[in-house]
Amino acid sequence: MAKKVTTVSTHNDTVMAALAFIILGTILVVEQSLSVIELAVIVFGATVLTLGVLEFINGNLIVAICEIIAGIALILVATLAPQVATLVLGIALCLYALYFLIINWGSLTGGKLTLRKVIIILMVLFALVAGILLIVAYAVSVGREVYISAGAFAIGAGAMIVAKRAVAAINRKK
């Protein structure tokens, strides 16, 4: 029998994504300056890069290459073009929300509305709103409230990732 090619453990992926969102959200809520946005982009880029390396180790080369390139690009943009770090971070959050939606699409289709489906939908919405708020913050001169709101939504997205993992663990034990 051929060996099944697997991706990164769901547990590792979930922990990394949840940590990235919660740390990013906390950074945005606590301090709303350009240098902190640069740091947030570097943290997000390092997380994506780490996920890419884990995908590579587990033999999922296409996803690994995409994540490694995205992680390196985020880090380079934050260090070489800090003025666009807010825009890049907003776009990255929106793209991650779409990625999360695609990965979990099978869980959303068919059947009745379950807690798992609600959590997935909330995570996608929270990440999209956080990303859109950061894109708006780049495009228009805004106050600290937009960064705080984006941070709160990012923390909410991280909490939904943790909740999704908890629901999955509870359902396995049944």
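Structural data are supplied above this passage.
Before going into details, it helps to say that this report is about the structure given with it. On a predicted model such as this, the values are computed, not experimentally measured, just so you know.

The residue V29 is located in helix 1 (residues 10–30) in this model. You can call V29 partly exposed: its relative accessible area is 31%. In the structure, V29 is positioned eleven residues away from A18 in sequence and 16 Å away in space, judged by C-alpha atoms. Not counting residues up to four positions away in its chain, the partners in contact with V29 are I148, G151, A152 and I155.

This paragraph deals with the packing of helix 3 (residues 61–80) against helix 4 (residues 85–103). Where helix 3 meets helix 4, the axes come as close as 11 Å, and the angle between the chain directions of the two elements is 160°. Considering their axes alone, helix 3 and helix 4 lie roughly antiparallel with respect to each other. Where helix 3 crosses over helix 4, the two elements pack in a sense that is left-handed. Counting all contacts with helix 3, which are made through V63, E67, L74 and V77, the residues of helix 4 involved are V88, A92 and Y99. The class makeup of the residues in the contact of helix 3 with helix 4 is six nonpolar, no polar and one charged.

So, about a nonpolar patch on the surface. Residues V53, F56, I57, L61, I65 and I69 make up a contiguous nonpolar surface patch of roughly 600 Å² in combined accessible area. Residue assignment for the nonpolar patch shows that the elements contributing at least two residues are helix 2 (34–57) and helix 3. Note on placement: L61 falls in helix 3. On the basis of relative accessible area, L61 is assigned to the partly exposed category, the value being 45%.

Before going further, it helps to examine empty space enclosed by the protein. Across all of its chains, the model carries one cavity of 30 Å³ or more by this definition. Reported here for the largest cavity is a volume of approximately 50 Å³. In this structure, the largest cavity is lined by A17, A20, F21, F44, T47, V48, L51 and Y96. At the level of elements, helix 1 and helix 2 are the ones that each hand at least two residues to the lining of the largest cavity.

Of all hydrophobic cores here, the largest spans 40 residues; its most connected members are F21, F44 and M123. Secondary-structure elements contributing two or more residues to this core are helix 1, helix 2, helix 3, helix 4, helix 6 (115–139) and helix 7 (144–173). In this structure, F44 is in contact with A20, L24, L74, L89, A92, L93 and Y96, ignoring residues within four places of it in sequence.

Calculation notes
Sequence order as written defines residue numbering, which begins from 1 separately in each chain. Only residues with pLDDT of at least 70 are given local features in this predicted model, and only at 80 or more are side-chain atom pairs given and counted; all residues enter the totals for whole chains, interfaces and linings. Excluding hydrogens and water, the side-chain figures rest on all heavy atoms present in the structure. In this text, helices come from DSSP runs of H or I with a minimum length of four residues, and strands from runs of E with a minimum of two, each type numbered from the N-terminal end. Remark: exposure states derive from per-residue accessible area (1.4 Å probe, protein chains only) relative to the maximum for the residue type, with buried under 20%, exposed over 50%, and partly exposed in between. The criterion used for residue contact is that any of the two residues' heavy atoms lie within 4.5 Å. Under this scheme, a helix contributes an axis fitted over its contacting stretch, all axes are lines through C-alpha atoms, and angles between N-to-C directions fall in the 0 to 180 degree range. Should an angle fall under 35 degrees it is taken as roughly parallel, and over 145 as roughly antiparallel, whereas 65 to 115 is taken as roughly perpendicular and any remaining angle as oblique. Here a crossing is taken to be left-handed if its near helix is turned anticlockwise relative to the far helix by less than a right angle, and right-handed if that turn runs clockwise. Nonpolar residues are Ala, Val, Leu, Ile, Met, Phe, Trp, Tyr, Cys and Pro. Charged residues are Asp, Glu, Lys and Arg, and all others, Gly as well, are polar. Residues form patches when they are more than 30% accessible in relative terms and have no salt bridge. Like charges link within 9 Å. Nonpolar side chains (Val, Leu, Ile, Met, Phe, Trp, Tyr) link within 5 Å. For the area figures, the Shrake-Rupley method with a 1.4 Å probe applies, and any residue is considered shielded solely by the protein chains shown. Salt bridge criterion: a side-chain nitrogen from Lys or Arg within 4 Å of a carboxyl oxygen from Asp or Glu. Buried and open spaces are told apart on a 1 Å grid over the protein atoms alone, a cavity being a set of points where a 1.4 Å probe fits but cannot get out and a pocket being an open set with protein on both sides within 12 Å along at least five of seven lines. Residues with an atom within 4 Å of a point are the lining residues. Grid points are joined across faces, edges and corners, and a volume is the space filled by probe spheres set on the points. Joining through side-chain atoms within 4.5 Å is the link that ties buried Ala, Val, Leu, Ile, Met, Phe, Trp, Tyr and Cys residues into a set, and such a set is a nonpolar core.

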